[in-house]
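Structural characterization, general
Okay, here's what each chain looks like letter by letter:
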Amino acid sequence: MDAEDSAVVAEVGIRPEEDGAYGLSAALHVELAGVDQATADQFVEAAHKVCPYSNATRGNIPVTIDATVA
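In this report, the structure presented in the accompanying data block is examined. Each chain carries its own residue numbering, running from 1 in the written order of its sequence. Local features in this predicted model are restricted to residues whose pLDDT is 70 or higher, and side-chain atom pairs enter the listing and the counts only when it is 80 or higher, whereas totals over whole chains, interfaces and linings include all residues. Side-chain measures here rest on the full set of heavy atoms in the structure, leaving out hydrogens and waters.

Some points on helix 1 (residues 37–50)
Segments assigned H or I by DSSP are reported as helices when at least four residues long, segments assigned E as strands when at least two residues long, and all are numbered from the N terminus. Here, expected helix span is obtained from the residue count minus one, scaled by 1.5 Å. Taking 1.5 Å of rise per residue, 14 residues should cover 20 Å, and helix 1 covers 20 Å from first to last C-alpha, within 8% of that figure. It only takes one pair of heavy atoms within 4.5 Å for two residues to be counted as in contact. In this fold, the buried residues of helix 1 make contact with strand 2 (22–32), helix 2 (52–57) and strand 3 (63–69). Its side-chain oxygen placed 3.2 Å from the backbone nitrogen of Ala-38, Asp-36 serves as the N-cap of helix 1. N or O atoms closer than or at 3.5 Å make up a polar contact, with two conditions inside protein: a donor-capable atom paired with an acceptor-capable one, and, for residues adjacent in sequence, both atoms drawn from side chains.

Written out as structure tokens, the structure is:
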């Protein structure tokens, strides 16, 4: 897939945990051009599965991901 006209915006936040401590959260907003919404959703989900950052934080930081077609 040609991702030349794409953009990713990451929002990292701090959230309270049940024990009174604080943890991180993340939201990834991906914008892709030249594909339909279903393809964009599949691409972003596949990328999240193999991303080294996603693999390092999986289960430790809640992450939401959305894809937008430009």
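Text resumes after the structure shown.
What to know about the nonpolar core
In terms of nonpolar packing, the biggest core is built from 5 residues, these being Val-30, Leu-32, Ala-40, Val-44 and Ala-67. Mapped onto this core, the elements with two or more residues apiece are strand 2 and helix 1. Not counting residues up to four positions away in its chain, the partners in contact with Val-44 are Val-30, Leu-32, Ile-65 and Ala-67. In plain words, nonpolar cores are sets of buried Ala, Val, Leu, Ile, Met, Phe, Trp, Tyr and Cys residues tied together by side-chain atoms within 4.5 Å. Exposed residues in this analysis have more than 50% of their type's maximum accessible area, buried residues have under 20%, and partly exposed residues fall in between, with area computed by a 1.4 Å probe over protein chains only.

Quick notes on the side chain of His-48
Along the chain, His-48 turns up in helix 1. Among all residues touching His-48, those that are not within four sequence positions of it are Ser-54, Arg-58, Val-63 and Ile-65.

Focus: the sheet that holds strand 1 (residues 7–16)
Strand pairing is assigned whenever DSSP detects at least two bridges linking the two strands. Taking strand neighbours across the sheet as the criterion, the 3 strands line up as 1-2-3 in an open arrangement whose pairing is mixed. With one partner strand each, in any of the chains shown, strand 1 and strand 3 form the two edges of the open sheet. For this sheet the average axis-to-axis angle between neighbouring strands, irrespective of direction, equals 15°. Where strand 1 lies against strand 2, 10 bridges are found, and the strand directions are antiparallel. All axes are obtained by fitting lines to C-alpha atoms, using only the stretch in contact for helices, and the reported angles, taken between N-to-C directions, cover 0 to 180 degrees.

Let's talk about the environment of Asp-2
Position of Asp-2 among the secondary structure elements: in the segment before strand 1. Residue class for Asp-2 comes out exposed when judged on its relative accessible area of 58%. The spacing of Asp-2 and Pro-16 is 14 residues in sequence and 39 Å in space, taken between C-alpha atoms.

Purely spatial values, then, with no claim about function.
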